[in-house]
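# Remarks on the overall topology
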Amino acid sequence: MIKPENIHCLALNYIGVGKNTQNPLYFVKSKNSLCFDGASVKYPSDCTKMWTEVELGIVLKENCYKVSELEADKFIEGFIVCGDITCGNIHNRDHHLGFSKSRENYCPVSKKIVSINSKNLGNLKLSTHINGTLTQEGNTSDMFFNPYKSLSYISSITKLCKGDIILTGTPKGVENNIINIGDKVIHRIEKIGEVGFKLS
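Quick summary incoming for the structure in this document. (Residues numbered from 1 in each chain as written. Predicted model: local features only at pLDDT ≥ 70, side-chain atom pairs only at ≥ 80, totals over all residues. Heavy atoms only, no water.)

## Concerning the side chain of Glu55
- Within the secondary structure, Glu55 sits in strand β5 (residues 50–60).
- Of note is the side chain of Glu55, whose polar atom sits 2.8 Å from the backbone nitrogen of Gly169.
- With residues near it in sequence (within four places) discarded, Glu55 still touches Leu10, Ile80, Val81, Cys82, Asp84, Leu126, Leu167, Thr168, Gly169, Thr170 and Ile189. (Helix = DSSP H or I, 4+ residues; strand = E, 2+ residues; numbered from the N terminus. Polar contact = N/O pair within 3.5 Å; in protein donor to acceptor, adjacent residues only side chain to side chain. Contact = heavy atoms within 4.5 Å.)

In structure tokens:
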């Protein structure tokens, strides 16, 4: 059962996203934003813009702190498909604030935790479809920090708990993922699965 204490997130972790600093941004989403395949997501009356991002998620099987990249695999239960939903916030300030990232159902995830050979993690196709139209696609080969380095990096900042989820960032093309009331979204990751939601 997926029931995290915390949802840890990386941004700017793919080639072609942001300024390519190769130094991902770390932020946290509220665990209350978690939902599952088929959820309904509300379009807030105080927002004028919403978008969604497909992300590879890591589920932890043990508590850990200051884990090396080489030992990170020992602490991973498996992988899931995640959506990172964002709404434009007050006065267009930093969109990683809780106002825009931590609302109810703003983190849809697939229900099945999938184990996968580490050799395959570096070449997985990711995609977003909105109302059946492909709007975003990428590949984990474009990550700056692979899943193991992502876990190591975040664990160097804070203690991680059993069941926690790590979102590892999204590939380029998110500017095409603007969503509106009535839209149906499907995020897919090759060999991992998919998660869908509807905006209402």
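## Observations regarding the packing of aromatic side chains
- Under the defined criterion, the tally for this structure stands at one aromatic pair.
- Between Phe145 and Tyr153 the ring centres are 5.3 Å apart and the planes differ by 80 degrees, which places this aromatic pair in the edge-to-face class.
- For Tyr153, a relative accessible area of 24% corresponds to the partly exposed category.
- Above the ring of Trp51, the side-chain terminus of Lys49 is found at 5.5 Å from the ring centroid.
- Cation over ring: Lys159 sits above Tyr65, and NZ or CZ is 5.7 Å from the ring centre. (Phe/Tyr/Trp six-rings, centres within 6.5 Å; stacked < 30°, edge-to-face > 60°. Buried < 20%, exposed > 50% of the residue type's maximum accessible area, 1.4 Å probe, protein only. Lys NZ or Arg CZ within 6 Å of the ring centre and 35° of its normal.)

## A closer look at the environment of Lys119
- For Lys119, the location among the structural elements is in helix α2 (residues 118–121).
- The class of Lys119 is exposed, set by a relative accessible area of 74%.
- Between the C-alpha atom of Lys119 and that of Gly173, which follows or precedes it by 54 residues, the distance is 25 Å.

## Considering the pairing of strand β9 (residues 133–139)
- Relative to β9, strand β8 (residues 125–130) is paired through six bridges, and the arrangement is antiparallel. Paired with Ile130 across the two strands is Thr133, which belongs to β9.
- Counting the residues between successive antiparallel strands, the hairpin from β8 to β9 contains two residues, one of them, Asn131, with a positive phi of roughly 55 degrees. (Pairing = 2+ DSSP bridges.)

## Quick notes on helix α3 (residues 147–155)
- Of all nine residues making up α3, seven are buried, and the element is well covered by its neighbours.
- Within α3, the full set of buried residues consists of Pro147, Tyr148, Ser150, Leu151, Ser152, Ile154 and Ser155.
- Buried residues along α3 sit in contact with β1 (7–11), β2 (25–29), β5, β6 (76–87), α2 and β10 (165–167).
- Residue Asn146 occupies the N-cap position of α3, its side-chain oxygen lying 2.9 Å from the main-chain nitrogen of Tyr148.

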